[in-house]
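For reference, the chains in residue letters:
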Amino acid sequence: MGETLPALMVPVSSWLRRGPHQRWLDMQGQRLLDFYRPARVPDGFAALDDCGNLQPGAVSDATLGARMTHVYAVAAGRGLPGCGPLATHGVTSMLGPLADHENGGWFLAPPTDGQQHGGGRKQAYLHAFVVLAASSATVAGIAGARRLLDKALAVWERHFWSEDEGVFRESFAADWSDEEDYRGANANMHSVEACMAAADVTGDPLWRNRAVRVAERFIHILARNAGYSLPEHYSRDWRMLKDYNRDRPTDALRPYGMTPGHFTEWAHLLLKLEAALLRADGRAPSWLMEDAVELFQAGMTAGWARDGAPGLLYTIDWNHDPMVHNRPHWCQAEAMTAAAALLKRTGHRRYEQWYRTLWDYIDTFMIDRRRGGWIQELDRDNRPSAVVYEGKADLYHAWQATMTPLLPLAPSFATAVALLENHGTIPDPAPQMADATGG
């Protein structure tokens, strides 16, 4: 009783406390924002090649567009010129050509001539990012954003949330028939992030509570029972699918085996969820921090420099042997973010060392100072590769990596930025906590 919220227990010598490091992070973030401006197309945003150019006939990608909208909305909230119009463009595209005005929800790509629906199924993964984008754009005051958020939450509630299971369903046909026989950790992980943003923006704790339920099933039950090595693929009756995508080991969203980068990504989301609960209610389950520590350790042990070269590899098999040795940029970014979060939460110097090691690796091998942006993937010898990810499609992971070290663990991105930029500090709505170990 009577304890305060977890403080920033970062050592005085930490990079996080040094002005030059903070300015370096800000500079890298602004370079990324500039690099991705050409991704705008009439119906949203499309992928860029290695040089930062659109391919001929580039088509809008709704997932990339939602991520871009989220990023540029947060950047607009910081007062960075040119970002607001890009966020507005993203919101307009999601309210217009990317939306299914007949059945509700969003297409992966806008319909083309002679096509009734956009490409692909209606995915939980995409819809989580629509909620995140709409939440961030609402905080930034982007026109139409609140209407988009209301629509996205209604679709999430009606079609994706499974109250009995405490998770989000995976995908459907365009008319919401033909539910996929699959439950996946990846889409649910990003839904946890979006739930926390939605709770902050709407003030409705329902979404934060749902984030806890998702994390409890996937991490505190499934990952914990597997020694904190997270199996990601399940059937709708929760049978683990150990052979899922065995013939597609380099799949970009659902690869065969396990993904150490996701272990670390879940780790920092658990700490952010703990901080959000403490901030709102003054109490949080103790397993959130405990599991975050174990997940990070498991991810770095399973994935870092397993073949003798630095870098966090893509996947491991069920014996924890390297499967796909390539190093995606997002794995490094999420591991670095987790190290920063654990450093803030615990003050332990080992996380400072990991934080420095990961940024040194990213700076040495991934930041492309000749052509701009980050190289999205390296091979086992840390040479540019495109086995899993082609070109430089993704802004989201890299840019967030430059921002999260500068922000507290809660509230979520856009809300934290708005409070800091407007007030210079984040008011504490729950200065006292009853018991951080409560259920």
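Notes on the structure in this doc start here.

Criteria and cut-off values
Residues numbered from 1 in each chain as written. Predicted model: local features only at pLDDT ≥ 70, side-chain atom pairs only at ≥ 80, totals over all residues. Heavy atoms only, no water. Helix = DSSP H or I, 4+ residues; strand = E, 2+ residues; numbered from the N terminus. Rg over C-alpha atoms; globule rule 2.2 N^0.38 Å. Buried < 20%, exposed > 50% of the residue type's maximum accessible area, 1.4 Å probe, protein only. Contact = heavy atoms within 4.5 Å. Areas by Shrake-Rupley, 256 points an atom, 1.4 Å probe, with all protein chains shown as cover. Lys, Arg positive; Asp, Glu negative; His and termini not counted. Charge placed at Lys NZ, Arg CZ, Asp CG, Glu CD. Salt bridge = Lys/Arg side-chain N within 4 Å of Asp/Glu carboxyl O. Phe/Tyr/Trp six-rings, centres within 6.5 Å; stacked < 30°, edge-to-face > 60°. Lys NZ or Arg CZ within 6 Å of the ring centre and 35° of its normal. Expected span 1.5 Å × (residues − 1). Core = buried A, V, L, I, M, F, W, Y, C linked by side-chain atoms within 4.5 Å.

1. Notes on the overall build of the protein
No. 1: Helix and strand content of the protein: 13 helices and 12 strands.
No. 2: Its C-alpha radius of gyration of 20 Å places the protein within 12% of the 22 Å reference for a compact globule of 439 residues.
No. 3: Expressed as lengths along the three principal axes of its C-alpha atoms, the size of the protein is roughly 60 × 50 × 45 Å.
No. 4: Put simply, the protein has 439 residues, and 60% of those count as buried.
No. 5: Contacts in the protein between residues at least 24 apart in sequence constitute 65% of all its contacts with a sequence separation of at least 6.
No. 6: With the model as given, the accessible surface of the protein reaches about 16700 Å², and the carbon-plus-sulfur share is 49%.
No. 7: With 43 positive and 52 negative side-chain charges, the protein shows a spacing of 4 Å between the two charge centroids.

2. Section: the pattern of salt bridges
No. 1: By the definition in use, this model includes 26 salt bridges.
No. 2: The closest approach of N and O atoms between Glu-179 and Arg-169, which form a salt bridge, is 3.8 Å. Of the two residues, Glu-179 sits in the loop between β6 (171-172) and β7 (183-184) while Arg-169 sits in the loop between β5 (167-168) and β6, which places them 10 residues apart along the sequence.
No. 3: When the shortest N-O distance is used, the salt bridge between Glu-170 and Arg-254 registers 3.1 Å. Taken as a pair, Glu-170 in the loop between β5 and β6 and Arg-254 in the loop between β8 (233-234) and α8 (260-281) lie far apart in primary sequence, 84 residues in all.
No. 4: A relative accessible area of 16% means that Arg-254 is categorised as buried.

3. So, the packing of aromatic side chains
No. 1: Using the criterion set out here, one finds 24 aromatic pairs in the structure.
No. 2: A centroid spacing of 5.5 Å and a plane angle of 45 degrees characterise the contact between Tyr-234 and Trp-238, whose relative ring orientation is tilted.
No. 3: Of the residues examined, Tyr-234 reaches a relative accessible area of 3% and is grouped as buried.
No. 4: An aromatic cluster of three or more residues is present, and its members are Phe-296, Trp-304, Tyr-351, Trp-354, Tyr-361 and Phe-365.
No. 5: It is Arg-210 that lies over the ring of Trp-207; its NZ or CZ is 5.0 Å from the centre.

4. Comments concerning helix α7 (residues 205-225)
No. 1: Its 21 residues place the ends of α7 28 Å apart at the C-alpha level, agreeing with the 30 Å of an ideal helix rising 1.5 Å per residue.
No. 2: Those residues of α7 that sit buried are Trp-207, Arg-208, Arg-210, Ala-211, Val-212, Val-214, Ala-215, Phe-218, Ile-219, His-220 and Ala-223.
No. 3: Gly-227 sits one or two positions beyond α7 and adopts a positive phi of about 70 degrees.

5. So, the nonpolar core
For soluble globular proteins, nonpolar side chains are generally found buried alongside one another.
No. 1: Membership of the largest hydrophobic core comes to 140 residues, with the highest contact counts inside it found for Trp-106, Trp-156, Trp-266 and Trp-399.
No. 2: If near-sequence neighbours (up to four positions away) are discounted, Trp-156 is found in contact with His-127, Ala-128, Val-131, Trp-161, Phe-168, Ser-191, Ala-194, Cys-195 and Trp-207.

These results come straight from atomic positions and should not be treated as a statement about function.
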